[in-house]
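Now for the letters of each chain:
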Amino acid sequence: MSENQSLDIFQSIRKDAFGALEEASDFETVHKIEAEYIGKSGRLTKILKSLKEMSLAERKEMGSTANALKKEIEEKIKLKKEEFGERGGSNHRDADWIDITAPGKKISRGHIHPISRVLKEVTSIFESMGFEVVEGPEVETEHYNFDALNIPKEHPARDLWDTFWIKPLKNGLLLRTHTSPNQIRYMEKHQPPLRIIVPGQVFRYEASDSSHGIQFYQLEGLMVDKTTSVANFKALIEQFFKKLFKENIQMRIRPGYFPFVEPGFEVDIKDRSDKWLEVIGAGMIHPQILKNVKLDPSQWQGFAFGMGLDRITMMKYKIDDIRLFHSGDLRFIRQF
Ligand code: FA5
(Lines give C-alpha, C1' and ligand atoms only; values in the text may rest on other atoms or scores of the structure.)
Protein backbone atom coordinates (compact mmCIF):
# COMPACT_ATOMS: atom_id res chain seq x y z
CA MET A 1 0.00 0.00 0.00
CA SER A 2 1.52 3.37 -0.94
CA GLU A 3 1.72 6.14 1.61
CA ASN A 4 -0.82 8.18 -0.33
CA GLN A 5 -3.29 5.32 -0.48
CA SER A 6 -3.07 4.74 3.26
CA LEU A 7 -3.58 8.43 3.96
CA ASP A 8 -6.66 8.32 1.73
CA ILE A 9 -8.06 5.46 3.79
CA PHE A 10 -7.54 7.27 7.06
CA GLN A 11 -9.08 10.38 5.68
CA SER A 12 -12.16 8.57 4.46
CA ILE A 13 -12.55 6.71 7.78
CA ARG A 14 -12.21 9.97 9.64
CA LYS A 15 -14.71 11.72 7.41
CA ASP A 16 -17.26 8.89 7.67
CA ALA A 17 -16.92 8.43 11.42
CA PHE A 18 -17.17 12.11 12.27
CA GLY A 19 -19.98 12.68 9.80
CA ALA A 20 -21.98 9.83 11.31
CA LEU A 21 -21.28 10.98 14.88
CA GLU A 22 -22.30 14.50 14.05
CA GLU A 23 -25.65 13.27 12.78
CA ALA A 24 -26.23 10.75 15.56
CA SER A 25 -29.17 11.84 17.69
CA ASP A 26 -29.34 9.09 20.30
CA PHE A 27 -27.21 6.83 22.41
CA GLU A 28 -28.00 3.72 20.39
CA THR A 29 -26.66 5.22 17.18
CA VAL A 30 -23.42 6.33 18.86
CA HIS A 31 -23.01 2.81 20.14
CA LYS A 32 -23.39 1.40 16.64
CA ILE A 33 -20.85 3.85 15.22
CA GLU A 34 -18.37 2.88 17.92
CA ALA A 35 -18.68 -0.77 16.87
CA GLU A 36 -18.43 0.07 13.21
CA TYR A 37 -15.13 1.94 13.48
CA ILE A 38 -13.27 0.97 16.63
CA GLY A 39 -15.10 -2.14 17.78
CA LYS A 40 -13.58 -5.66 17.53
CA SER A 41 -13.94 -5.83 13.79
CA GLY A 42 -14.32 -2.12 13.15
CA ARG A 43 -12.86 -0.50 10.07
CA LEU A 44 -9.99 1.13 11.96
CA THR A 45 -9.37 -1.88 14.18
CA LYS A 46 -8.85 -4.03 11.09
CA ILE A 47 -6.10 -1.72 9.89
CA LEU A 48 -4.46 -1.74 13.30
CA LYS A 49 -4.56 -5.54 13.31
CA SER A 50 -2.93 -5.71 9.91
CA LEU A 51 0.06 -3.62 11.05
CA LYS A 52 2.03 -6.67 12.05
CA GLU A 53 2.16 -7.86 8.47
CA MET A 54 3.77 -4.61 7.32
CA SER A 55 7.40 -3.56 7.08
CA LEU A 56 8.90 -1.74 10.02
CA ALA A 57 8.86 1.63 8.23
CA GLU A 58 5.26 1.20 7.12
CA ARG A 59 4.24 0.06 10.52
CA LYS A 60 5.74 3.15 12.12
CA GLU A 61 4.10 5.53 9.71
CA MET A 62 0.69 3.84 9.58
CA GLY A 63 0.70 2.90 13.24
CA SER A 64 1.01 6.37 14.61
CA THR A 65 -1.59 7.80 12.21
CA ALA A 66 -4.02 4.98 12.96
CA ASN A 67 -3.58 5.31 16.71
CA ALA A 68 -4.00 9.09 16.59
CA LEU A 69 -7.20 8.69 14.61
CA LYS A 70 -8.47 6.02 17.01
CA LYS A 71 -7.92 8.37 19.93
CA GLU A 72 -9.68 11.19 18.12
CA ILE A 73 -12.69 9.01 17.39
CA GLU A 74 -12.77 7.71 20.96
CA GLU A 75 -12.82 11.27 22.29
CA LYS A 76 -15.65 12.25 20.03
CA ILE A 77 -17.65 9.14 20.98
CA LYS A 78 -17.15 9.89 24.66
CA LEU A 79 -18.49 13.42 24.17
CA LYS A 80 -21.45 12.13 22.23
CA LYS A 81 -22.25 9.51 24.84
CA GLU A 82 -22.20 12.19 27.50
CA GLU A 83 -24.56 14.26 25.46
CA PHE A 84 -27.03 11.37 25.26
CA GLY A 85 -26.86 10.33 28.84
CA GLU A 86 -23.95 8.03 29.58
CA ARG A 87 -21.89 9.85 32.16
CA GLY A 88 -18.31 9.30 30.90
CA GLY A 89 -17.05 6.06 32.33
CA SER A 90 -19.68 5.65 35.03
CA ASN A 91 -22.08 2.71 34.75
CA HIS A 92 -25.32 4.59 33.98
CA ARG A 93 -27.34 2.66 31.47
CA ASP A 94 -29.40 4.11 28.67
CA ALA A 95 -32.59 2.78 30.27
CA ASP A 96 -31.98 4.80 33.45
CA TRP A 97 -32.01 8.02 31.58
CA ILE A 98 -35.14 10.16 31.56
CA ASP A 99 -35.68 12.86 28.99
CA ILE A 100 -37.48 15.49 30.99
CA THR A 101 -38.03 17.58 27.88
CA ALA A 102 -39.99 14.86 26.02
CA PRO A 103 -43.69 15.69 25.47
CA GLY A 104 -46.03 13.89 27.90
CA LYS A 105 -48.29 10.98 26.97
CA LYS A 106 -51.88 12.03 26.28
CA ILE A 107 -54.19 10.91 29.06
CA SER A 108 -57.57 9.89 27.74
CA ARG A 109 -60.40 11.24 29.85
CA GLY A 110 -63.78 9.74 30.56
CA HIS A 111 -66.97 11.12 29.06
CA ILE A 112 -70.28 11.99 30.64
CA HIS A 113 -73.18 10.08 29.15
CA PRO A 114 -75.50 12.44 27.22
CA ILE A 115 -78.47 11.37 29.35
CA SER A 116 -76.56 12.22 32.54
CA ARG A 117 -75.67 15.57 31.02
CA VAL A 118 -79.28 16.33 30.15
CA LEU A 119 -80.55 15.01 33.48
CA LYS A 120 -78.24 17.43 35.28
CA GLU A 121 -79.35 20.36 33.16
CA VAL A 122 -83.04 19.48 33.39
CA THR A 123 -83.00 19.16 37.18
CA SER A 124 -81.20 22.45 37.57
CA ILE A 125 -83.80 24.20 35.38
CA PHE A 126 -86.64 22.82 37.51
CA GLU A 127 -84.76 23.67 40.69
CA SER A 128 -84.45 27.24 39.46
CA MET A 129 -88.25 27.25 39.15
CA GLY A 130 -88.76 26.12 42.73
CA PHE A 131 -89.01 22.33 42.33
CA GLU A 132 -87.35 19.93 44.74
CA VAL A 133 -85.64 16.72 43.48
CA VAL A 134 -86.90 13.48 45.03
CA GLU A 135 -86.10 9.83 44.27
CA GLY A 136 -88.01 6.57 44.50
CA PRO A 137 -87.39 2.80 44.19
CA GLU A 138 -86.85 1.04 40.85
CA VAL A 139 -88.31 -2.19 42.22
CA GLU A 140 -91.86 -1.13 42.97
CA THR A 141 -95.00 -2.73 44.35
CA GLU A 142 -98.05 -3.42 42.23
CA HIS A 143 -99.92 -1.17 44.65
CA TYR A 144 -97.90 1.99 43.96
CA ASN A 145 -97.22 1.30 40.28
CA PHE A 146 -100.88 0.54 39.47
CA ASP A 147 -103.63 0.29 42.13
CA ALA A 148 -102.98 3.55 43.95
CA LEU A 149 -102.86 5.27 40.54
CA ASN A 150 -106.42 4.24 39.78
CA ILE A 151 -105.40 1.22 37.70
CA PRO A 152 -106.84 -1.80 39.52
CA LYS A 153 -106.26 -5.44 38.41
CA GLU A 154 -108.12 -6.35 35.22
CA HIS A 155 -108.34 -2.64 34.32
CA PRO A 156 -107.66 -2.42 30.57
CA ALA A 157 -105.32 0.54 31.14
CA ARG A 158 -102.75 -1.88 32.60
CA ASP A 159 -102.08 -2.83 28.98
CA LEU A 160 -100.59 0.63 28.48
CA TRP A 161 -97.61 -0.56 30.48
CA ASP A 162 -96.15 -3.96 29.58
CA THR A 163 -94.54 -5.02 32.79
CA PHE A 164 -91.49 -6.96 33.97
CA TRP A 165 -92.81 -8.84 37.01
CA ILE A 166 -90.45 -10.15 39.66
CA LYS A 167 -90.82 -13.80 40.68
CA PRO A 168 -92.57 -15.13 42.73
CA LEU A 169 -95.54 -13.31 41.25
CA LYS A 170 -97.58 -13.58 44.45
CA ASN A 171 -95.32 -10.89 46.01
CA GLY A 172 -96.65 -8.29 43.61
CA LEU A 173 -93.22 -6.80 42.89
CA LEU A 174 -92.23 -5.37 39.53
CA LEU A 175 -89.75 -3.08 37.81
CA ARG A 176 -91.53 0.27 37.78
CA THR A 177 -93.02 1.02 34.39
CA HIS A 178 -93.12 4.76 35.05
CA THR A 179 -92.09 7.29 37.70
CA SER A 180 -95.72 8.07 38.63
CA PRO A 181 -95.77 5.85 41.79
CA ASN A 182 -93.74 8.63 43.38
CA GLN A 183 -96.68 11.02 43.15
CA ILE A 184 -98.46 8.78 45.65
CA ARG A 185 -95.39 8.06 47.78
CA TYR A 186 -94.67 11.77 48.14
CA MET A 187 -98.23 12.98 48.72
CA GLU A 188 -98.73 10.35 51.41
CA LYS A 189 -95.96 11.94 53.43
CA HIS A 190 -96.10 15.64 52.58
CA GLN A 191 -98.77 18.30 52.79
CA PRO A 192 -99.33 20.77 49.93
CA PRO A 193 -98.28 23.16 48.57
CA LEU A 194 -95.98 20.73 46.73
CA ARG A 195 -93.53 21.11 43.91
CA ILE A 196 -91.29 18.13 43.11
CA ILE A 197 -89.56 16.34 40.27
CA VAL A 198 -88.59 12.65 40.40
CA PRO A 199 -86.05 11.49 37.81
CA GLY A 200 -85.25 7.81 37.35
CA GLN A 201 -85.06 4.70 35.22
CA VAL A 202 -88.19 2.84 34.19
CA PHE A 203 -88.66 -0.52 32.46
CA ARG A 204 -91.12 -1.84 29.91
CA TYR A 205 -91.49 -5.29 28.45
CA GLU A 206 -92.03 -4.20 24.87
CA ALA A 207 -90.38 -4.25 21.46
CA SER A 208 -87.76 -1.56 21.01
CA ASP A 209 -87.30 0.66 17.98
CA SER A 210 -85.60 3.97 17.24
CA SER A 211 -87.78 5.87 19.74
CA HIS A 212 -88.73 3.09 22.19
CA GLY A 213 -86.33 1.52 24.67
CA ILE A 214 -87.14 -1.25 27.18
CA GLN A 215 -85.18 0.67 29.78
CA PHE A 216 -85.32 4.45 29.71
CA TYR A 217 -85.42 7.54 31.89
CA GLN A 218 -88.46 9.49 32.94
CA LEU A 219 -88.80 12.61 34.98
CA GLU A 220 -91.98 12.89 36.98
CA GLY A 221 -93.24 16.33 37.89
CA LEU A 222 -95.87 17.18 40.48
CA MET A 223 -97.32 20.48 41.60
CA VAL A 224 -100.22 20.82 44.03
CA ASP A 225 -101.66 24.04 45.42
CA LYS A 226 -105.03 25.74 45.82
CA THR A 227 -105.28 27.19 42.33
CA THR A 228 -102.78 25.24 40.24
CA SER A 229 -104.18 25.03 36.69
CA VAL A 230 -103.56 23.77 33.16
CA ALA A 231 -102.36 27.29 32.30
CA ASN A 232 -99.63 26.93 34.95
CA PHE A 233 -98.59 23.59 33.44
CA LYS A 234 -98.43 25.03 29.93
CA ALA A 235 -96.39 28.04 31.07
CA LEU A 236 -94.00 25.85 33.05
CA ILE A 237 -93.34 23.49 30.15
CA GLU A 238 -92.91 26.32 27.63
CA GLN A 239 -90.45 28.02 29.93
CA PHE A 240 -88.63 24.74 30.48
CA PHE A 241 -88.21 24.03 26.75
CA LYS A 242 -86.99 27.57 26.15
CA LYS A 243 -84.33 27.22 28.84
CA LEU A 244 -83.23 23.75 27.74
CA PHE A 245 -83.14 24.18 23.97
CA LYS A 246 -82.25 27.89 23.99
CA GLU A 247 -84.31 28.40 20.86
CA ASN A 248 -87.98 28.50 20.09
CA ILE A 249 -89.12 24.99 19.37
CA GLN A 250 -92.59 24.08 18.25
CA MET A 251 -94.70 22.27 20.79
CA ARG A 252 -98.31 21.10 20.93
CA ILE A 253 -100.55 19.80 23.69
CA ARG A 254 -103.19 17.27 22.71
CA PRO A 255 -105.66 15.19 24.72
CA GLY A 256 -104.36 11.92 26.18
CA TYR A 257 -105.67 9.26 28.51
CA PHE A 258 -104.14 8.23 31.85
CA PRO A 259 -106.36 6.85 34.64
CA PHE A 260 -104.71 9.07 37.28
CA VAL A 261 -105.43 12.44 35.62
CA GLU A 262 -108.48 14.27 34.38
CA PRO A 263 -108.19 15.83 31.88
CA GLY A 264 -105.06 14.14 30.49
CA PHE A 265 -102.75 15.40 27.75
CA GLU A 266 -99.73 14.54 25.76
CA VAL A 267 -97.06 17.02 24.74
CA ASP A 268 -95.20 16.71 21.44
CA ILE A 269 -92.30 18.70 20.10
CA LYS A 270 -91.23 19.00 16.50
CA ASP A 271 -87.99 17.26 15.59
CA ARG A 272 -85.47 18.08 12.88
CA SER A 273 -87.30 16.21 10.19
CA ASP A 274 -90.51 18.12 10.97
CA LYS A 275 -92.10 15.13 12.69
CA TRP A 276 -93.90 15.37 16.03
CA LEU A 277 -92.19 13.47 18.83
CA GLU A 278 -94.17 12.66 21.96
CA VAL A 279 -92.13 13.70 24.98
CA ILE A 280 -94.55 14.14 27.91
CA GLY A 281 -97.67 12.49 29.32
CA ALA A 282 -99.51 14.78 31.75
CA GLY A 283 -102.76 16.00 33.22
CA MET A 284 -104.63 17.50 36.15
CA ILE A 285 -104.44 15.12 39.12
CA HIS A 286 -107.61 12.99 39.26
CA PRO A 287 -109.83 13.78 42.31
CA GLN A 288 -109.73 10.07 43.19
CA ILE A 289 -105.94 10.20 43.50
CA LEU A 290 -106.17 13.15 45.87
CA LYS A 291 -108.71 11.22 47.95
CA ASN A 292 -106.39 8.17 47.93
CA VAL A 293 -103.74 10.27 49.70
CA LYS A 294 -106.30 11.93 52.00
CA LEU A 295 -106.32 15.33 50.35
CA ASP A 296 -109.64 17.12 49.86
CA PRO A 297 -110.22 17.70 46.08
CA SER A 298 -112.43 20.68 46.84
CA GLN A 299 -109.45 22.40 48.48
CA TRP A 300 -106.44 21.20 46.50
CA GLN A 301 -105.70 20.73 42.85
CA GLY A 302 -102.61 20.20 40.78
CA PHE A 303 -100.93 18.77 37.74
CA ALA A 304 -98.54 15.89 37.18
CA PHE A 305 -96.40 14.99 34.20
CA GLY A 306 -93.99 12.27 33.09
CA MET A 307 -91.29 13.37 30.68
CA GLY A 308 -89.26 10.95 28.53
CA LEU A 309 -85.67 12.03 29.18
CA ASP A 310 -84.13 9.85 26.47
CA ARG A 311 -86.30 11.53 23.87
CA ILE A 312 -85.46 14.99 25.24
CA THR A 313 -81.77 14.05 24.99
CA MET A 314 -82.28 12.86 21.41
CA MET A 315 -83.77 16.25 20.54
CA LYS A 316 -81.09 18.22 22.34
CA TYR A 317 -78.14 16.37 20.78
CA LYS A 318 -79.74 15.41 17.45
CA ILE A 319 -79.49 11.67 18.06
CA ASP A 320 -81.82 9.66 15.89
CA ASP A 321 -81.84 6.25 17.57
CA ILE A 322 -82.64 5.70 21.25
CA ARG A 323 -80.85 2.34 21.23
CA LEU A 324 -77.48 4.11 20.96
CA PHE A 325 -77.75 5.17 24.61
CA HIS A 326 -77.27 1.63 25.88
CA SER A 327 -75.21 0.32 22.97
CA GLY A 328 -71.92 0.53 24.87
CA ASP A 329 -70.33 1.86 21.68
CA LEU A 330 -67.39 4.02 22.75
CA ARG A 331 -67.37 5.95 19.48
CA PHE A 332 -70.83 7.21 20.45
CA ILE A 333 -69.98 8.20 24.00
CA ARG A 334 -66.69 9.86 23.03
CA GLN A 335 -68.62 12.54 21.17
CA PHE A 336 -69.86 13.99 24.45
C1 FA5 B 1 -96.53 7.59 31.45
O2 FA5 B 1 -95.61 6.80 31.71
C3 FA5 B 1 -97.22 8.36 32.52
N4 FA5 B 1 -96.78 7.89 33.82
C5 FA5 B 1 -96.98 9.84 32.34
C6 FA5 B 1 -97.86 10.69 33.20
C7 FA5 B 1 -97.36 11.18 34.41
C8 FA5 B 1 -99.13 11.03 32.79
C9 FA5 B 1 -98.16 11.98 35.21
C10 FA5 B 1 -99.94 11.83 33.60
C11 FA5 B 1 -99.45 12.30 34.79
P12 FA5 B 1 -96.25 7.34 28.87
O13 FA5 B 1 -96.27 5.88 28.83
O14 FA5 B 1 -96.88 8.07 27.75
O15 FA5 B 1 -96.91 7.93 30.19
O16 FA5 B 1 -94.72 7.80 28.97
C17 FA5 B 1 -94.36 9.14 29.20
C18 FA5 B 1 -93.21 9.55 28.30
O19 FA5 B 1 -92.13 8.63 28.44
C20 FA5 B 1 -93.56 9.51 26.83
O21 FA5 B 1 -94.14 10.72 26.43
C22 FA5 B 1 -92.23 9.30 26.18
O23 FA5 B 1 -91.52 10.53 26.06
C24 FA5 B 1 -91.51 8.45 27.17
N25 FA5 B 1 -91.58 7.04 26.78
C26 FA5 B 1 -92.64 6.19 26.87
N27 FA5 B 1 -92.33 4.98 26.45
C28 FA5 B 1 -91.03 5.02 26.08
C29 FA5 B 1 -90.11 4.07 25.57
N30 FA5 B 1 -90.44 2.81 25.37
N31 FA5 B 1 -88.85 4.50 25.29
C32 FA5 B 1 -88.49 5.77 25.53
N33 FA5 B 1 -89.30 6.71 26.02
C34 FA5 B 1 -90.56 6.35 26.28
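Named according to an unreviewed UniProt entry, the protein chain is Phenylalanine--tRNA ligase alpha subunit. Of the comments in the UniProt record for the protein chain, the one headed Catalytic activity (unreviewed entry) reads "tRNA(Phe) + L-phenylalanine + ATP = L-phenylalanyl-tRNA(Phe) + AMP + diphosphate + H(+)".

Caption draft 1: Molecular detail of the site of the ligand. If you check the shell around the ligand, you find 26 residues, and the closest are His178, Ser180, Arg204, Glu206 and Glu278. At a separation of 3.1 Å, an oxygen atom of the ligand approaches a polar side-chain atom of Gln218. Between Glu278 and the ligand, the recorded distance is 2.8 Å, taken from a side-chain N or O atom to an oxygen atom. When isolated, the ligand has an accessible area of 670 Å², and the protein chains bury 96% of it. Only strand 6 (215–225), strand 9 (276–285) and strand 10 (301–308) provide two or more residues apiece to the shell around the ligand. For the shell around the ligand, the element with the most residues is strand 9, which contributes five residues.

Caption draft 2: Structural context of the pattern of salt bridges. What the rule picks out here adds up to 19 salt bridges. Here Glu34 and Lys81 are joined by a salt bridge, their closest N and O atoms 2.9 Å apart. Here Glu34 is found in helix 2 (residues 27–38), whereas its partner Lys81 is found in helix 4 (residues 56–83), with 47 residues between them in sequence. Note on Glu34: relative accessible area 23%, which makes it partly exposed. The residue Arg158 makes a salt bridge to Glu142 at a minimum N-O spacing of 2.8 Å. Here Arg158 is found in the loop between helix 6 (142–145) and strand 3 (165–166), whereas its partner Glu142 is found in helix 6, with 16 residues between them in sequence. Shared partners join several salt bridges into a network, and the residues in it are Arg252, Arg254, Glu266, Asp268 and Glu278.

Caption draft 3: Molecular detail of the nonpolar core. With 30 residues, the main nonpolar core has Phe126, Phe233, Phe240, Phe241, Ile280, Phe305 and Met307 as its most contacted residues. Of all elements in the fold, only helix 5 (114–128), strand 6, helix 8 (230–245), strand 8 (261–270), strand 9, strand 10 and helix 10 (309–317) reach the threshold of two or more residues within this core. The biggest single contributor to this core is helix 8, with seven residues. Look past the residues within four positions of Phe126 in its chain and what remains in contact with it is Phe131, Ile197, Leu219, Leu236, Phe240, Phe305 and Met307. Formed by 27 residues, the second largest nonpolar core is a distinct cluster that contains Val134, Leu149, Val198 and Ile289.

Caption draft 4: Region of interest: the sheet that holds strand 2 (residues 139–141). Pairing within the open sheet is antiparallel, and its three strands lie in the order 2-4-3. Across the chains shown, the open sheet's two edge strands, defined by having one partner strand only, are strand 2 and strand 3. Judged from the three bridges that link them, strand 2 and strand 4 (residues 173–175) form a sheet pairing that is antiparallel. Residue pairing for strand 4: Val139 is matched across the bridge by Leu175.

Conventions adopted
Residues numbered from 1 in each chain as written. Predicted model: local features only at pLDDT ≥ 70, side-chain atom pairs only at ≥ 80, totals over all residues. Heavy atoms only, no water. UniProt positions renumbered as here; feature names shortened; annotations may be inferred. Near = heavy atom within 4 Å. Polar contact = N/O pair within 3.5 Å; in protein donor to acceptor, adjacent residues only side chain to side chain. Areas by Shrake-Rupley, 256 points an atom, 1.4 Å probe, with all protein chains shown as cover. Helix = DSSP H or I, 4+ residues; strand = E, 2+ residues; numbered from the N terminus. Salt bridge = Lys/Arg side-chain N within 4 Å of Asp/Glu carboxyl O. Buried < 20%, exposed > 50% of the residue type's maximum accessible area, 1.4 Å probe, protein only. Core = buried A, V, L, I, M, F, W, Y, C linked by side-chain atoms within 4.5 Å. Contact = heavy atoms within 4.5 Å. Pairing = 2+ DSSP bridges.

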